[in-house]
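Coordinate analysis (summary)
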Amino acid sequence: MKKTVSLILAALLLMCSVGVAFAADAGETYDSFGAYERVFIIGIDGLGATFDMVDSPNFDRIFADNAYRYDAHTEYVTVSAQNWGSILTGVDYTTHGLTNDCCEDNERTSADENNTIFYYARQAFPDAQLVSFNNWDAINHGIIENDLGVKKINRGTDPLVVDAILKYINNEKNDPKLMFVQLDSVDHAAHTYGGFSQQYYDAAAKADVWLGEIYDAIEARGFMENSLFILVADHGETTDGHGGQTKEESSAVLAVAGHSVNATVLGENVQNRDVSAIALYALGVEKPAHFISVVPEELFGESREKTVEPNPMKRATKLFRKFLYLFVRMVNLLVGIFDK
Ligand SMILES: [Zn+2]
């Protein structure tokens, strides 16, 4: 009898310990798969690593307590369609085969290979609002499938695109599951004046203002409590635009904000196309097996309250780097003048 009681007690003790162990385990690992109701992807064409030199108070306040990297890798070919294609389809540019010309000329449907994240979002959420705002309408025309019921809004200038976005978000009837935006004036400034021109930096600073306006509208709707907000670029710029393999062209800004996003600088292997994997993961949509884009391991952690004010030390460091950069450029300029 004594032996039976001991055995029962031992068994109970074992069951309790296993239960406690499982509970502790569940508490420690926070899984962000499906932890978000919405994903907003703000794409800024041509916003490369030199954005780090631009005074960008909105970027700083939105992403300071979140995850970012100024020089995420782009596709090997630093052209817009190749990169927006990969950002939206999760495969590399040779696999999706999209080019600027073919996106402008050909409409894409869900019957085509290498579907975009809009296709997978539509499969998972048949009635959800999916929306895409373009300045360069080749993305809406030739990358995002035309038979998914994605609301596509094309405007020929960035102020008009931003206007349309704000109107859409401010309308209480609208609650998008997945929203994509492409703004173009930063890239345009690089093509016209060069990627190291004052006009380029001014355009990037203006894009930061729009980023803040879009974020604030989303926040004002109460959406940021359970939305993921992503900023991504297709490529950077050099003196005469992009398309080559210089460090400047091959680096693009990538930043992610959300309640379970860690305050971290993303690892040096992160790619701009990882946005596709991140977006599906956040929405709780299984990543298709053929995707090569990945969710960076360091991206998600515990769900927590976010601070909106940027860390003053980070800001001071950034201002100092900007000062150094301008100083070096000035010295180079003076050396150039005295050499003549
Ligand atoms: Zn581009």
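Residues numbered from 1 in each chain as written. Predicted model: local features only at pLDDT ≥ 70, side-chain atom pairs only at ≥ 80, totals over all residues.

**Notes on the overall build of the protein chain**
A tally of helices and strands in the protein chain yields 12 helices and 8 strands. Counting only C-alpha atoms, the protein chain reaches 105 × 50 × 40 Å along its principal axes. Taking all 340 residues of the protein chain together, 44% fall into the buried category. Taking the contacts inside the protein chain whose residues are at least 6 apart along the sequence as the reference set, 74% of them involve residues at least 24 apart. (Helix = DSSP H or I, 4+ residues; strand = E, 2+ residues; numbered from the N terminus. Buried ≥ 20, exposed ≤ 12 C-beta atoms within 10 Å, placed from the backbone. Contact = placed C-beta atoms within 7 Å.)

**Some thoughts on the sheet that holds strand β6 (residues 227-232)**
Strands sit in the order β4-β3-β5-β1-β6-β7-β2-β8 across an open sheet of 8 strands; the sheet is mixed. Looking at strand neighbours, the two that pair on one side only are β4 (151-154) and β8 (264-265), the edges of this open sheet. Inspection of the sheet shows strand β1 (residues 38-44) paired to β6 by 6 bridges, in the parallel sense. Counterpart to Ile-42 in the pairing with β6 is Leu-231. (Pairing = 2+ DSSP bridges.)

**So, the packing of helix α6 (residues 117-124) against helix α11 (residues 274-283)**
The geometry of α6 relative to α11 is characterised by a closest axis approach of 10 Å and an angle of 10° between their N-to-C directions. Classified by the angle their axes make, α6 and α11 are roughly parallel. Contact with α6, carried on its side by Ile-117, Tyr-120, Ala-121 and Ala-124, involves Ser-276, Ala-279, Leu-280 and Leu-283 of α11 and no other residues of that element. Looking at the contact of α6 with α11 residue by residue, the class counts come to 7 nonpolar, 1 polar and no charged. (Axes fitted to C-alpha atoms, helices over the stretch in contact; angles between N-to-C directions. Parallel < 35°, antiparallel > 145°, perpendicular 65-115°, else oblique. Nonpolar A, V, L, I, M, F, W, Y, C, P; charged D, E, K, R; others polar.)

**Some details on α11**
Because an α-helix packs 3.6 residues into every turn, residues spaced three or four apart end up facing the same way. Where burial is concerned, most of α11 is hidden: 10 out of the 10 residues are buried. Taken as a whole, α11 has its buried residues at Asp-274, Val-275, Ser-276, Ala-277, Ile-278, Ala-279, Leu-280, Tyr-281, Ala-282 and Leu-283. At its buried positions, α11 is contacted by β1, α3 (80-89), α6, β5 (176-183), β6 and β7 (251-257).

**Digging into the confidence of the model for the protein chain**
On average, residues of the protein chain score 90 in pLDDT, and 90% of them are at 70 or above. Confidence over residues 16-29 falls short of pLDDT 50; this stretch has 0 contacts with residues more than four positions distant or in other chains. (pLDDT = per-residue confidence, 0-100.)

**So, unusual backbone geometry**
Of note, the phi angle at Asn-114 is positive, near 55°, even though the residue is not glycine. Tracing the backbone shows Asn-114 in the loop between α5 (100-105) and α6. Classification of Asn-114 by C-beta neighbours within 10 Å gives buried; the count is 20.

**Regarding the nonpolar core**
Residues Val-39, Ile-41, Ile-230, Val-232, Val-253, Ala-255 and Ala-279 are the most contacted members of the largest nonpolar core, which totals 88 residues. Excluding residues within four positions of it along the chain, Ala-255 makes contact with Phe-59, Phe-63, Asn-66, Ala-67, Tyr-68 and Leu-231. (Core = buried A, V, L, I, M, F, W, Y, C linked by C-beta atoms within 7 Å.)

**Brief notes about the environment of Thr-50**
Secondary-structure assignment places Thr-50 in the loop between β1 and α2 (57-63). It is 24 Å that separates the C-alpha atoms of Thr-50 and Gly-258, two residues lying 208 residues apart in sequence. Those residues within four positions of Thr-50 in sequence are excluded, and the remaining contacts are Gly-236 and Glu-248.

**Concerning α6**
Where burial is concerned, most of α6 is hidden: 6 out of the 8 residues are buried. Inspection of α6 places Ile-117, Phe-118, Tyr-119, Tyr-120, Ala-121 and Arg-122 among the buried residues, and these make up the whole buried set. On its buried face, α6 is in contact with α3, β3 (129-134), β5 and α11.

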